Amino acid sequence: IPYQYYLDLLRAVKAARPAIHIKAFTMVELDQIAKVARKPLEEVLPELIEAGLGSVPGGGAEVFSERVRQETYHLKNTGDEWLAIARKVHQAGLRSNCTMLHGHIETPAEKVDHLDRLRLLQDETGGFQTYIPLSFHPANSEMADVPGPTALDELREMAVGRLMLDNIPHVKAYWIMLGEKNAQIALAFGANDF
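Within any chain, residue numbers begin from 1 and follow the written order of that chain's sequence. Only residues with pLDDT of at least 70 get local features here, since the model is predicted, and only at 80 or more are side-chain atom pairs given and counted; chain-wide, interface and lining totals rely on the full set of residues. The basis for every side-chain value is the complete set of heavy atoms in the structure, and neither hydrogens nor water enter the calculation.

What about the overall build of the protein chain?
Inference 1: Looking only at helices and strands, the protein chain features 9 helices and 5 strands.
Inference 2: Put simply, the protein chain runs from its N terminus to its C terminus through helices and strands in the order α-β-α-α-β-α-α-β-α-β-α-β-α-α.
Inference 3: Over its C-alpha trace the protein chain gives a radius of gyration of 17 Å, about what one expects of a compact globule, namely 16 Å for 194 residues.
Inference 4: Here the C-alpha coordinates of the protein chain stretch approximately 45 × 35 × 35 Å along the principal axes.
Inference 5: Each residue's exposure class comes from its accessible area (1.4 Å probe, protein chains only) as a fraction of the maximum for that residue type: buried when under 20%, exposed when over 50%, partly exposed otherwise. By the burial criterion, 46% of the 194 residues in the protein chain qualify as buried.
Inference 6: Only heavy atoms enter the contact rule, under which two residues are in contact if any of them lie within 4.5 Å. Partitioning the intrachain contacts of the protein chain with sequence separation of at least 6 by distance along the chain shows that 70% fall at a separation of at least 24.
Inference 7: All accessible-area figures derive from a Shrake-Rupley calculation using a 1.4 Å probe, and residue coverage is judged against the displayed protein chains alone. Put simply, the protein chain shows about 9800 Å² of open surface, and 57% of that area lies on carbon and sulfur atoms.
Inference 8: Placing the 20 positive and 26 negative side-chain charges of the protein chain at their respective mean positions leaves the two points 5 Å apart. Labels follow the DSSP assignment, with helices taken as runs of H or I lasting at least four residues and strands as runs of E lasting at least two, numbered in each case from the N terminus. The globule rule is 2.2 Å times the number of residues to the power 0.38, and the radius of gyration it is compared with is taken over C-alpha atoms. This count recognises Lys and Arg as positive and Asp and Glu as negative, with His and chain-terminal groups excluded. The atom standing in for a charge is NZ when the residue is Lys, CZ when it is Arg, CG when it is Asp and CD when it is Glu.

Put into structure tokens, the structure is as follows:
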């Protein structure tokens, strides 16, 4: 898809609904858009903002551990690359979400490192508006043999995320992945966004 497509897409959405806030393009997608544009991200971001981009979702972070990345999604950006892109997004004046995929092969130490790196970037930029712990769902994946997180695991991640990321205003209970009942319970475990 050519670079102009993304600008046209944003403009078309704003033309159809001028008052809408557009949250689009993960850090991974922004990196790819800049490569397609053959421009530095620092030049692409103002053009996307001018076309209507309002904020950025947090997907694609997965777990920053290089070990986990090599074993599960080695073709994606590294954790350092994801954080560098997020830094540029925030420096351009956009706010974003941040995430952590949990419940597969990551260790507690790798999860703490991930959260700590998010916390440090938030201290630097103040650009994260919401943290979303994302539960790994093994069904129909190459890791179908991994049991995936339990409801207790999901609530624990919510609570630990809230404690470690007290500098990020919101923790989201993503009901699409948690289910409605678990997401409701998560509101008592540190989540303040549903």
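Some details on helix α3 (residues 41–51)
Inference 1: Listing the buried residues of α3 in full gives L41, V44, L45, L48 and A51. Projection of α3 onto a plane perpendicular to its axis shows the buried side chains occupying an angular sector of 125°, all on one side.
Inference 2: Taken together, the buried residues of α3 touch α1 (3–16), α2 (27–37), β2 (53–56) and α5 (79–91).
Inference 3: Directly beyond the C-terminal end of α3, a positive phi value near 130° is found at G52. When we speak of the arc, we mean the arc of directions from the helix axis to the C-beta atoms.

Examining the nonpolar core
Inference 1: Here the nonpolar core consists of buried residues drawn from Ala, Val, Leu, Ile, Met, Phe, Trp, Tyr and Cys, with membership extended through side-chain atoms lying within 4.5 Å. F25, L48, W82, L118 and Y131 are the most contacted members of the largest nonpolar core, which totals 47 residues.
Inference 2: Here L48 is in contact with Y6, L7, L10, F25, L30 and L53, once residues within four sequence places are set aside.
Inference 3: Within the second largest apolar cluster, 6 residues are counted, among which are L101, F136, M143 and V146.

As for unusual backbone geometry
As a rule of thumb, non-glycine residues mostly have phi less than zero, and peptide bonds are mostly trans rather than cis.
Inference 1: The phi dihedral of F25 is positive, around 70°, even though this residue is not glycine.
Inference 2: Mapping F25 onto the fold places it in the loop between β1 (22–23) and α2.
Inference 3: Since its relative accessible area comes to 11%, F25 is described here as buried.
Inference 4: In this structure, R38 is a non-glycine residue whose phi angle is positive, near 55°.
Inference 5: By the element assignment, R38 lies in the loop between α2 and α3.
Inference 6: R38 sits in the exposed class, given a relative accessible area of 79%.

Some remarks on the sheet that holds strand β5 (residues 170–171)
By definition, the strands of a sheet pair up through backbone hydrogen bonds, in either a parallel or an antiparallel sense.
Inference 1: Ordered by their spatial adjacency, 5 strands build an open sheet running β1-β2-β3-β4-β5, and the pairing between neighbours is parallel. Of all the strands in the sheet, the pair left with one neighbour each is β1 and β5.
Inference 2: DSSP calls a pair of strands paired once it identifies at least 2 bridges connecting them. Where β2 and strand β3 (residues 95–102) come together, 2 bridges link them in parallel fashion. When the sheet's bridge partners are listed, V56 is paired in β3 with S96.

Here we look at a nonpolar patch on the surface
Inference 1: A contiguous nonpolar patch, built from I1, Y5, L9, V13 and I20 and spanning about 420 Å² of accessible area, is present on the exposed surface.
Inference 2: Positionally, L9 belongs in helix α1. The residues that make up patches have over 30% relative accessible area and no salt bridge, and they are joined within 9 Å when like-charged or within 5 Å when they are Val, Leu, Ile, Met, Phe, Trp or Tyr. Any carboxyl oxygen of Asp or Glu within 4 Å of a side-chain nitrogen of Lys or Arg constitutes a salt bridge here.

Some remarks on the side chain of N97
Inference 1: Here N97 shows up in strand β3.
Inference 2: Judged by relative accessible area, N97 falls into the buried class, the value being 3%.
Inference 3: Ignoring any residue separated from it by four or fewer positions in sequence, one finds N97 in contact with K23, V56, P57, G58, W82, F128, Q129, T130 and I132.

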